[in-house]
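# Working through the structure, step by step
Residue-level listing of the chains:
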Amino acid sequence: MTNIHATTTAAQTTAAQTARPPASPLHARIGAALTGAAIPADLLDLDAHDPLARKREEFTLPGGVVYLDGNSLGALPRAVPERLQQVAAQEWGDALIRSWSAGADRGRDWMNLPDRVAAKIAPLIGALPHEVAVTDTTGVNTFKVLAAALKLAPAERRVILTDAENFPTDLYVAQGLLDLLGGGYELRRVNPDALDGHLTADVAALLLTEVDYRTGRRLDMAAITAQARAAGVLTVWDLAHSAGAFPVDLRGAGADFAVGCGYKFLNGGPGAPSFLFVSERHLGNENAAPVAISGWMGHADPFEMDRAFTPAPGARRFVPGTPMVLSLSALDSALDVFADVDLHALRTKSLSLTDTFIRLMEPLCARFPLTLVTPQEHARRGSQVSYRHPQAREVMADLIGGGVIGDYRTPDILRFGFTPLYHSHADVARAVAGVQAALEARA
Ligand SMILES: Cc1ncc(COP(=O)(O)O)c(C=O)c1O
Ligand SMILES: Nc1ccccc1C(=O)C[C@H](N)C(=O)O
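Residues numbered from 1 in each chain as written. Chains lettered and ligands numbered in written order. Predicted model: local features only at pLDDT ≥ 70, side-chain atom pairs only at ≥ 80, totals over all residues. Heavy atoms only, no water.

The name given to the chain in an unreviewed UniProt entry is Kynureninase, with Deinococcus indicus as the source organism. The record in UniProt for the chain states the following under Subunit (unreviewed entry): "Homodimer." Looking at the chain in UniProt, the text filed under Function (unreviewed entry) is "Catalyzes the cleavage of L-kynurenine (L-Kyn) and L-3-hydroxykynurenine (L-3OHKyn) into anthranilic acid (AA) and 3-hydroxyanthranilic acid (3-OHAA), respectively." (UniProt positions renumbered as here; feature names shortened; annotations may be inferred.)

## Regarding the overall build of the chain
Within the chain, the secondary structure is distributed over 13 helices and 15 strands. Computed over the C-alpha atoms, the radius of gyration of the chain is 24 Å, within 12% of the 22 Å expected from 2.2 N^0.38 for a compact globule of 443 residues. By principal-axis analysis of the C-alpha atoms, the chain measures approximately 65 × 65 × 40 Å. Among the 443 residues that make up the chain, the fraction classed as buried is 52%. Counting contacts in the chain only where the partners sit at least 6 residues apart, residues at least 24 apart contribute 72% of the total. (Helix = DSSP H or I, 4+ residues; strand = E, 2+ residues; numbered from the N terminus. Rg over C-alpha atoms; globule rule 2.2 N^0.38 Å. Buried < 20%, exposed > 50% of the residue type's maximum accessible area, 1.4 Å probe, protein only. Contact = heavy atoms within 4.5 Å.)

## Considerations on the site of ligand 1
Near ligand 1 you find Thr137, Thr138, Gly139, Phe167, Asp170, Thr209, Asp238, Ala240, His241, Cys261, Tyr263 and Lys264, and these make up its full shell. Between ligand 1 and the protein, one listed contact pairs an oxygen atom with a backbone N or O atom of glycine 139 at 2.9 Å. Coverage of ligand 1 by the protein chains reaches 83% of its 390 Å² of free accessible surface. In terms of residue class, the shell around ligand 1 is built from four nonpolar, five polar and three charged. (Near = heavy atom within 4 Å. Polar contact = N/O pair within 3.5 Å; in protein donor to acceptor, adjacent residues only side chain to side chain. Areas by Shrake-Rupley, 256 points an atom, 1.4 Å probe, with all protein chains shown as cover. Nonpolar A, V, L, I, M, F, W, Y, C, P; charged D, E, K, R; others polar.)

## Quick word on the UniProt feature "binding site: pyridoxal 5'-phosphate" (unreviewed entry) in the chain
With numbering aligned to this structure, UniProt lists the feature "binding site: pyridoxal 5'-phosphate" (unreviewed entry) at Thr138, Phe167, Pro168, Thr169, Asp170, Thr209, Asp238, His241, Tyr263, Trp296 and Thr322. Across 185 residues of sequence, these annotated residues are also dispersed in space, with a maximum C-alpha separation of 30.9 Å. Among the residues examined, phenylalanine 167 registers a relative accessible area of 34% and is labelled partly exposed. According to the relative accessible area criterion, threonine 322 is partly exposed, its value standing at 44%. Among all residues touching threonine 322, those that are not within four sequence positions of it are Trp100, Trp296 and Met297.

## Topic: the site of ligand 2
With respect to spatial proximity, the complete set of residues near ligand 2 consists of Ser72, Phe167, Tyr213, His241, Tyr263, Lys264, Arg409 and Arg415. A distance of 2.6 Å separates an oxygen atom of ligand 2 from a polar atom in the side chain of arginine 415. When its residues are assigned to classes, the shell around ligand 2 shows three nonpolar, two polar and three charged. Viewed by domain, the shell around ligand 2 spans two of them, domain 1 (21–78 + 342–442) and domain 2 (111–338), each represented by three or more residues. (Domains from an automatic or database assignment.)

## Some thoughts on the sheet that holds strand S7 (residues 203–209)
The strand order across the open sheet formed by seven strands is S4-S10-S9-S8-S7-S5-S6, and the pairing between neighbours is mixed. The two strands at the open ends of the sheet, each matched to only one other strand, are strand S4 (132–134) and strand S6 (186–190). Averaged over neighbouring strand pairs, the angle between their axes works out to 20 degrees when direction is ignored. Both S4 and strand S10 (residues 275–278) contribute to a ladder of three bridges, which runs antiparallel. Each bridged residue has a counterpart across the sheet, and for alanine 133 the counterpart in S10 is leucine 276. Along the sheet, helix H5 (residues 113–121) makes contact with S4 and S10, crossing S4 at roughly 125 degrees. In this fold helix H8 (residues 221–230) packs onto S7 and strand S8 (234–238), with an angle of close to 155 degrees to the strand it touches most, S8. (Pairing = 2+ DSSP bridges. Axes fitted to C-alpha atoms, helices over the stretch in contact; angles between N-to-C directions.)

## Remarks on the nonpolar core
Ile121 and Ile125 are the most contacted members of the largest nonpolar core, which totals 86 residues. Residue-level mapping places this core at the junction of two domains, with at least three residues from each of domain 1 (21–78 + 342–442) and domain 2 (111–338). Once you skip the residues sitting within four places of it in the chain, isoleucine 121 turns out to touch Val132, Val134, Leu266, Phe275, Leu331 and Leu335. One finds Leu34, Leu353, Leu364 and Ala437 within the second-largest nonpolar core, a separate group that totals 29 residues. (Core = buried A, V, L, I, M, F, W, Y, C linked by side-chain atoms within 4.5 Å.)

## Concerning the UniProt feature "modified residue: N6-(pyridoxal phosphate)lysine" (unreviewed entry) in the chain
As annotated in UniProt, the feature "modified residue: N6-(pyridoxal phosphate)lysine" (unreviewed entry) corresponds to Lys264 in the numbering used here. Relative to the helices and strands, lysine 264 resides in the loop between strand S9 (257–260) and S10. Here lysine 264 falls in the buried class, since its relative accessible area comes to 9%. Here lysine 264 is in contact with Gly70, Asn71, Ser72, Gly74, Ala240 and His241, once residues within four sequence places are set aside.

Now the structure itself:
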């Protein structure tokens, strides 16, 4: 009896895991367009000469799907599940608390895990390893670096200047911090494409997101940072849609602070810790960036249990508490995918993918109420392409049901993110075939 019961349960579980909801006729039609799409010869040729094509094997992706949402949640790198299994079973299960220090000689101790992950992110964003900390969420890190910037700025500078349409967290966190500080502080929201005249003597910090999450518009970080520095304004860059998508050069630009997500183009998994960057200029002995949330894990010697806070050298001082070992381990493993990647080749391919998508979508823009909102100019584009459509929400739901997984963003944006590490030009053609089927069905 027990055996039969166990067998039945296992079989049911397997069936439940593999069964997909029955496809609606519309979803089936989109899915068939996607899988049956004819791939133009020029795209096959681009794929045949793609120096990054081999990276696709390093990811696990479901069949019958073109996944265009790596700018919200990056795909799963193949090596991650085994690493998580090992951390849970051996480092946690067997070694227990010894894992905080055990394996330090092999670079496997938990205490220094945040610093090892920081060292892997540093080259992706043009930073030195000790200028990067990996901890908390992007919003919390934004709070910490904004607080530091406000304290570093002269007392008469009490304005945070930001993009009027910045990502909500950036706006909420900045406003929350200023409310806490009280009188005289102000969040000033402007158009980041027209900063002239706004970098006034009362501005302490400029908070900008390099690539807009809806339109994919990329700002000129080097030019804006130079302009801000000349005006005595500290810069805080949100690299959520930049890090891992193309080379970022924070040091080259002279940026003061930056933050970004671990779960988007860095593929660290849902809830992966975020990173923050503090320029070396603000980590010295004098005029160092103050640490608003100064916990014991950011102390120079945590187990000294000192009553006064002595900051750890480098950006590690911004790691306030116990490292999130499971999620840091996933991110650590995921970042190995970048070890042999030429970031300029990554950018070249990203632009080729987005150029191809824009070109193949052109006939659909002529037939349907679709409007491209992503800049065509390469320098002004991140690694996504977005369109306005009056029924964007419904169209994206259809597309996701049919296997073209992009994203809808309020009020009317269809967003398609491209990850050069796992997309081919053939994927672009398949996605466009799916979009065509969805729009034709709705017309
Ligand atoms: C530009 C931008 N900034 C901040 C965030 C928020 O990140 P977190 O949820 O880690 O605070 C996101 C996405 O969630 C984002 O797209
Ligand atoms: N963390 C998430 C959890 C659930 C759903 C989306 C997200 C995102 O990150 C959204 C992202 N900021 C975006 O621009 O699409």
